[in-house]
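Residue-level structure breakdown
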Amino acid sequence: MSDTILKVEKLEKTYDNGVQALKGVSFDVKRGEFLVIIGLSGSGKSTLLRCLNNLHQPTGGRVTFNGEDITVVKGSKARSIRSKIGMIFQHFNLIPRYSVFKNALSGSLSRAGTLKSLMGIYNEEDKKRALDYLDLVGIKEKAYIRADQLSGGQQQRVAIARALTQNPEILLADEPVASLDPATCHTVMDYLKKVNRELGLTVICNLHFLSLVRQYADRVIALKGGELVYEGDPSHIDEKWFEEIYGEGAKEVHIN
Amino acid sequence: MEDKKALGQCLLLDGVVFTFLILSFAVAILQPTEEQLLNLSMVSGVTFGTLIVTMALAYGLIHFKIKTVGYLLFSPPKIDDSAHHVSWFKTFWGVQLTVAFVVACIVGIRVTDFSLYELFDEQGMMGARRIFSSLFTPNFDILPRAVLAIVETIFMAFMATVLAVPVAFVLSFLCAKNIMGDHPVAFALYGTLRTVLNVTRSIEPLIWAIVFSVWVGIGPFAGMLALLLHSVASLAKNFSELAEGISEGPIEAIRATGATPVQVVWFAVVPQIVLPYTAFTIYRWDINVRMATIIGLVGGGGIGTMLIQYQGQAQWNEVGCLVIVIAVVVWLMDTASAYIREAIK
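Residues numbered from 1 in each chain as written. Chains lettered and ligands numbered in written order. Predicted model: local features only at pLDDT ≥ 70, side-chain atom pairs only at ≥ 80, totals over all residues. Heavy atoms only, no water.

Points about the overall build of chain A
For the record, the criterion: Under the DSSP-based scheme used, a helix requires at least four consecutive residues in state H or I and a strand at least two consecutive residues in state E, with every element numbered from the N terminus. Just to be clear, the radius of gyration here is over C-alpha atoms, and the globule rule we use is 2.2 Å times residues to the power 0.38. Whether a residue is buried, partly exposed or exposed follows from its accessible area with a 1.4 Å probe, protein chains only, as a fraction of its type maximum: under 20%, in between, or over 50%, in that order. Only the protein chains shown count as covering a residue, and every accessible area follows the Shrake-Rupley method with a 1.4 Å probe. Positive charges come from Lys and Arg, negative ones from Asp and Glu, while His and the chain ends are left out of the count. One atom stands in for each charge, and that atom is NZ of Lys, CZ of Arg, CG of Asp or CD of Glu.
When helices and strands are counted, chain A shows ten helices and ten strands. Here the C-alpha atoms of chain A give a radius of gyration of 18 Å, agreeing with the 18 Å that 2.2 N^0.38 yields for 256 residues. With respect to the three principal axes, the spread of C-alpha positions in chain A is 55 × 40 × 40 Å. Residues classed as buried in chain A amount to 53% of the 256 residues present. Just so you have it, chain A exposes about 11000 Å², and 49% of that area is on carbon and sulfur atoms. Seen as two clouds, the 34 positive and the 31 negative side-chain charges of chain A have centres 7 Å apart.

Listed below in structure tokens is the structure:
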């Protein structure tokens, strides 16, 4: 399938303090692709991801998800959209004192019902799903260890399992490897790729390193100062494009 | 100074310091009668007049780049162009601070009737010796009743803490800026609650105890209510500050799963605060035991009430026994709460 799952048209975001983070960004996301967004810090990558699942409200333009306008949604509608779009973060954002299992299980909160989840009652299907996804990211044996006992790479894998437990159609990854060492970096990226390939999940990922982009991305878009400056095949990013995106005199850093 | 707010703070501080100095000298030289000092409109007129003049003076000083105390405190940090080092007592602010401190000490001695003569007066010393000798030969016959009374005090403090925690817990979220967000209604609620709690907290439990002893009658219940009110206000403030200091990451992550606001609080906020909240609660119980003793003095029940009765009848041997019981319990509570707080950190 190569139909469009997400359509972003002239998306704008101006924060209350007047900072214009996005200045009319348009692109399509195809179902099942691995899309990577690159750009300098402050180019609007994180804002863009957060506008897609309504963590931030866009101030202009349109976001269409499965043909449905989700630009400005509130309340239960916003929560139902978020439940279909999983997200992982640079700093993993797990609950440190909870077990790995409980962290993964918190991905099912939108289905669990407020009262039941406060009492700690989850249905068996969700429990099984959480364990299965912990298994998928290779961390099932640590399910009952406290999350803050794990290393950074392991925590990020738990975060992936949490997002998968939501049963999402899209996975947003905001700088998923930026606080990891180069070796761990590849492990996490490999799991993201695995999720993309095996579960057919659409992945939209912010990245810093071009070498990772070439290795993992199906398609790449580049942001600069809140505007889209490049869209296309990762292998087509040559030196000229690199300077265009990252500015004059920038040097590419390779991680292996 | 370009920064208007900093300039205002600076002028106000210097103005107050200069006004204090000028008025102190004026009183010392003119020796006004008490009647003149009680004339509020005249006194306030003179004070404000002087304040305005001295603020203008401070503005002049800063204009000519003389560094006053206010300038030193409030001016925005920047590179010092007069790079050479000057001893503090040769600077304007050094002299200003020294003079203000010395004058404040002299005024303080006058106002508090400080007198070494009174302190070492023969007759006064005799009285003190009588009281101390009685206190140090406590009458342990009343020990059983003292123990009962202090148990009452401890439970007053306990109930006040236990009932305060759930209320403060809920209020703390409503008083935390990061949780309330910037919705106008939420902000109005936040502002109102903060003000009410600040006012409640700034009124001493002693005053609340007097109010409640009229309301529900003298006894431990009145004391407990006074402590409860004060505990709610204090704990809500402590709790909300903790809630404001939590990390945003987990909140964002749980929101991103599509969780409801209540779930976000329960799964992302509560796990981060539960231990520090417990530590503060134990500390508050400890404080409440100490306060409950004092509150008893105005009819709040417990050992304080017993203390004031014996003191009123000048039965110092009995008072001595009560003082020992209070000291032991306060020391035990203090040590225990410190240990527990250390353990759950």
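Digging into the sheet that holds strand E1 (residues 4-14) of chain A
Think of a sheet as strands paired side by side through backbone hydrogen bonds, with each pair either parallel or antiparallel. Residue and element names in this part refer to chain A. Quick note on the threshold: The rule for pairing is simple: two strands pair if DSSP sees at least two bridges between them. Contacts: residue pairs with any heavy atoms within 4.5 Å of one another. Angles here are taken between N-to-C directions and fall from 0 to 180 degrees, while the axes themselves are lines fitted to C-alpha atoms, restricted in helices to the stretch in contact.
Pairing within the open sheet is antiparallel, and its four strands lie in the order E2-E1-E4-E5. With one partner strand each, in any of the chains shown, strand E2 (20-30) and strand E5 (68-69) form the two edges of the open sheet. Relative to strand E4 (residues 60-65), E1 is paired through five bridges, and the arrangement is antiparallel. Along E4, the bridge assignment pairs Glu9 with Arg62. Sheet strands touched by helix H1 (residues 45-52): E1, E2 and E4. Its angle to E1, the strand with the most contacts, is close to 120 degrees.

Here's the deal with the interface of chain A and chain B
To keep it simple, the criterion reads: Note: buried area is the sum, over both parts, of the accessible area (probe 1.4 Å) each one loses when the two are combined. For this analysis, a salt bridge means a side-chain nitrogen from Lys or Arg found within 4 Å of a carboxyl oxygen belonging to Asp or Glu. Polar contacts here mean pairs of N or O atoms no more than 3.5 Å apart (in protein, one a potential hydrogen donor and the other a potential acceptor; neighbouring residues in sequence count only if both atoms are side-chain atoms). In this classification, Asp, Glu, Lys and Arg are treated as charged, Ala, Val, Leu, Ile, Met, Phe, Trp, Tyr, Cys and Pro as nonpolar, and every other residue, Gly included, as polar.
Each partner contributes residues to the interface: chain A has 27 residues there, and chain B has 20 residues. Regarding the contact of chain A and chain B, the summed buried area is about 2100 Å², with carbon and sulfur atoms giving 60% of it. Applying the counting criterion to the chain A and chain B interface returns one salt bridge. The partner of Arg50 of chain A in a salt bridge is Glu252 of chain B, and the shortest N-O contact between them spans 2.4 Å. At the boundary of chain A and chain B, one finds five residue pairs in polar contact (both at pLDDT 80 or more). Of all the elements in the fold, those that place two or more residues in the side of chain A that touches chain B are helix H2 (75-84), strand E6 (85-88), helix H4 (109-112) and helix H5 (114-119) of chain A. When its residues are assigned to classes, the side of chain A that touches chain B shows ten nonpolar, eleven polar and six charged.

Structural notes on H2 of chain A
For H2 of chain A, the set of buried residues is Ala78, Ile81, Arg82 and Ser83 of chain A. Packed against the buried residues of H2 of chain A are E4, E5, E6 and H4 of chain A together with helix H13 (248-256) of chain B.

Thoughts on the pairing of E2 of chain A
All names here are of chain A. By the bridge criterion, eight bridges tie E1 to E2 in an arrangement that is antiparallel. When the bridges of E2 are listed, Thr4 appears paired with Lys30. Following E1, the chain reverses through five residues before pairing antiparallel with E2; Gly18 in that reversal takes a positive phi of roughly 95 degrees.

Quick look at the sheet that holds strand E8 (residues 202-207) of chain A
All names here are of chain A. An order of E6-E7-E8-E3-E9-E10 is seen for the six strands of this open sheet, with the pairing classed as mixed. Because the sheet does not close on itself, it has two edges, and the strands there are E6 and strand E10 (227-232). Shown here is a sheet whose adjacent strand axes are inclined to one another by a mean of 20 degrees, direction ignored.

Notes on the pattern of salt bridges
All names here are of chain A. As enumerated under the stated definition, the model contains 22 salt bridges over all chains in all. Between Asp28 and Lys7 there is a salt bridge whose closest N-O contact spans 3.5 Å. With Asp28 in strand E2 and Lys7 in strand E1, the pair connects residues that are 21 residues apart, well separated along the chain. A relative accessible area of 28% places Asp28 in the partly exposed class.

Thoughts on the environment of Phe92 of chain A
Residues and elements named next belong to chain A. Tracing the sequence through the fold places Phe92 in the loop between E6 and helix H3 (100-105). Placed 63 residues apart in sequence, Phe92 and Gln155 show a C-alpha to C-alpha distance of 6.3 Å. Contact partners of Phe92, with chain neighbours within four places excluded, come to Gly152, Gln155, Gln156, Ala159, Arg162, Ser179 and Leu180.

Describing the domain arrangement of chain B
You'll often see interface size given as the accessible area lost when the parts meet. Cut-off, in case you're wondering: Per the annotation, domain bounds derive from an automatic or database assignment of domains.
Partitioning chain B into domains gives domain 1 (4-114) and domain 2 (137-343). One C-alpha centre belongs to domain 1 of chain B, the other to domain 2 of chain B, and the line joining them spans 39 Å.

As for the confidence of the model for chain B
As a reminder, the rule being used: Scored from 0 to 100, pLDDT records how confident the predictor is in each individual residue.
Overall, the predicted model of chain B reaches an average pLDDT of 87, with 96% of residues at or above 70. The secondary-structure element of chain B with the lowest mean pLDDT is helix H9 (residues 177-180) of chain B, recorded at 75, while H13 of chain B shows the highest, at 92.

Digging into the packing of aromatic side chains
Residues and elements named next belong to chain B. This is how it is decided: Under the pairing criterion, centres of Phe, Tyr and Trp rings, with the six-membered ring standing for Trp, must be within 6.5 Å; the plane angle then separates stacked pairs below 30 degrees from edge-to-face pairs above 60, leaving the rest tilted.
Applying the stated criterion to the full structure yields eleven aromatic pairs over all chains. With a centroid separation of 3.9 Å and an interplanar angle of 10 degrees, the aromatic rings of Phe239 and Tyr277 are classed as stacked. Of this pair, Phe239 sits in helix H12 (residues 220-244) while Tyr277 sits in helix H14 (residues 261-296), and the two are 38 residues apart along the sequence. The buried category is assigned to Phe239, whose relative accessible area is 0%.

As for H1 of chain A
All names here are of chain A. For H1, the tally of buried residues reaches seven of eight residues, placing the bulk of the element in the interior. Regarding H1, the residues found buried are Lys45, Thr47, Leu48, Leu49, Arg50, Cys51 and Leu52. Two residues or fewer after H1 comes Asn54, characterised by a positive phi angle close to 70 degrees.

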